[in-house]
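Each chain, letter by letter, is given below.
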Amino acid sequence: MNDELMKGMQEVRASFERALADAATTEALEEVRVRCMGKKGALTALLRSLGRLSAEERPAAGQDLNALRDEMEEKLSSRRRQLRDAENEAREAGERIDVTLPSRGRPAGAFHPVLQTLHELAEIMVGLGYSVALGPEKEEEHYNFDCLNMPSWHPARDMQDTFYFPDGTLLRTHTSPVQVRSMLKYGAPLRIVCPGKVYRRDNDPTHSPMFNQMEGLLIDRDVSFAVLKGTIGAAVNAFFGRTLKNRFRASYFPFTEPSMELDIECVVCGGRDPRCRVCKGTGWLEAGGMGMVHPEVVRAGGIDPDRYNGFAFGLGLDRMAMLKYGIGDLRLLFDGNVSYFLSGRDA
C-alpha cells in the first residue's frame, strides 16, 4: 500500500478514536461522524485519493479503506447506543414519580363575583337575625303579581317586561314571591332574606335579562321606617367595609307604601365624569328599592295587617358586585370573558 495513504489512515483512525472517547452526548457523536465520515470528512478525502494510485495498488488500498470505514461505523453505532441508554436513564431519573408520596391536592377555586357577593350579604343579614328563604324561579302569576298588590288590570305589570310560558306561568321578575310564600308558611313575626335569579326584558350596561337579587322582609309589631333605613345602612356599610356615600329618594312600588330607592355613588367615575356610560353622568347607581310593606300584601300572606306591619327591601347583587369589584359593565358578569378579570381592564 502507498505509504502516504497508510499514514493518512493511521491519522484518521487515531483522530477518530480520540473524538469518539471525548463525545459525551449523541449530539457530539453526530458531530464526530460528520467530521470524520461526512462528505467533507477525513475518511472521505482518503477514499477520493484512490484515483491517484496505480491500477495495481488501488484494489488493496480500497479494501483497507472500506474495512476502516466499516470499523468506524460499527464503533459509532456501539457508542451511540451507550450514549442513548445513558441519556434515557438520566431523563427517566429526572421524571420519575414516586407514587407512594401523599397527594399534593388541588388548588382551591374561587366563587364568581356575584355568588361571592350573595354569600357576603347573606352572612351579614344572618348576623342581623335574618334567615335565608328560597323559592322557585318558574313562578305563578298569583304569587308574582296578585299577592303583591298587582291584580291583572294593574298598570305596574307592564313595568316588569315579563317572560311568560304558554301555560300562563312565568319567570319570576323579583324574589318577592318567596316573601309571600314564607308569610303563608311561617306567619309572623318573620325576618328573612330571599336571594336568587330573576328575569326581565332588559339588556344594557347596567341591566341584564337575567340578574340576581336579594330581597329582605321583616314582619313584626310596630316596625318603623327608621329601622328599615338603619338596617339597609348597616348592611351596605358592612358589605363594603366602610361608610359609602349613598342617598335615599322617594319612589313607587305597588307592594310597599311609602317606598324609596337606595342609590350608591358610581364606581366607574365616582360622580366626576358627566360622560360616564354607566351612570349617564348622574354620579349615582341604583342599588335597590325598599319601603314599608303594603297592608294588602301582609293580608295576602295570611297575616293580619292591623296587628303586624313591616318593611321589605331588594338589593341588586350584580350591581353590588360591580361596585365592590370595580366592574364597569354588568354584562361582563355573564359573558365569560376571563381576560377582563385577569387584566383588570375593559376587554
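The model shown is predicted, which means the values in this text are computed figures rather than measured ones.

### Description of the nonpolar core
Thinking step 1. Of all hydrophobic cores here, the largest spans 42 residues; its most connected members are Ile-264 and Phe-313.
Thinking step 2. Elements with a minimum of two residues in this core: α5 (113-127), β5 (210-220), α8 (225-240), β7 (256-265), β8 (284-293), β9 (309-316) and α10 (317-325).
Thinking step 3. Excluding anything up to four places from it in sequence, Ile-264 contacts Val-236, Phe-240, Leu-244, Lys-245, Gly-283, Trp-284, Leu-285, Ala-287, Met-320 and Leu-323.
Thinking step 4. Residues Ile-192, Val-293, Val-297 and Val-298 belong to the second largest nonpolar core, which totals 23 residues.

### What to know about the pairing of β8
Thinking step 1. Counting buried positions along β8 yields 9 of 10 residues, so the element is predominantly enclosed.
Thinking step 2. Relative to β8, β7 runs antiparallel, the two sharing 8 bridges. Note on β8: the bridge partner recorded for Glu-261 is Gly-289.
Thinking step 3. Strand direction decides the pairing type here: β8 and β9, joined by 5 bridges, are antiparallel. When the bridges of β9 are listed, Gly-288 appears paired with Leu-315.

### Structural notes on the sheet that holds β9
Thinking step 1. What the 7 strands build is an open sheet, ordered β1-β4-β5-β9-β8-β7-β6; its pairing is mixed. Both outer strands of the open sheet, β1 (131-132) and β6 (246-253), are each paired with one neighbouring strand and no more.

### Some remarks on unusual backbone geometry
Thinking step 1. Note that the residue after Ala-188, namely Pro-189, is joined by a cis bond; omega there is -5 degrees.
Thinking step 2. Within the secondary structure layout, Pro-189 lies in the loop between α7 (176-186) and β4 (190-199).
Thinking step 3. That bond from Glu-257 to Pro-258 is cis: its omega, 0 degrees, falls within 30 degrees of zero.
Thinking step 4. A positive phi is found at Asp-222, a non-glycine position, where the angle reads about 55 degrees.
Thinking step 5. By secondary structure assignment, the location of Asp-222 is in the loop between β5 and α8.

Parameters at a glance
Residues numbered from 1 in each chain as written. Predicted model: local features only at pLDDT ≥ 70, side-chain atom pairs only at ≥ 80, totals over all residues. Heavy atoms only, no water. Core = buried A, V, L, I, M, F, W, Y, C linked by side-chain atoms within 4.5 Å. Buried < 20%, exposed > 50% of the residue type's maximum accessible area, 1.4 Å probe, protein only. Helix = DSSP H or I, 4+ residues; strand = E, 2+ residues; numbered from the N terminus. Contact = heavy atoms within 4.5 Å. Pairing = 2+ DSSP bridges.

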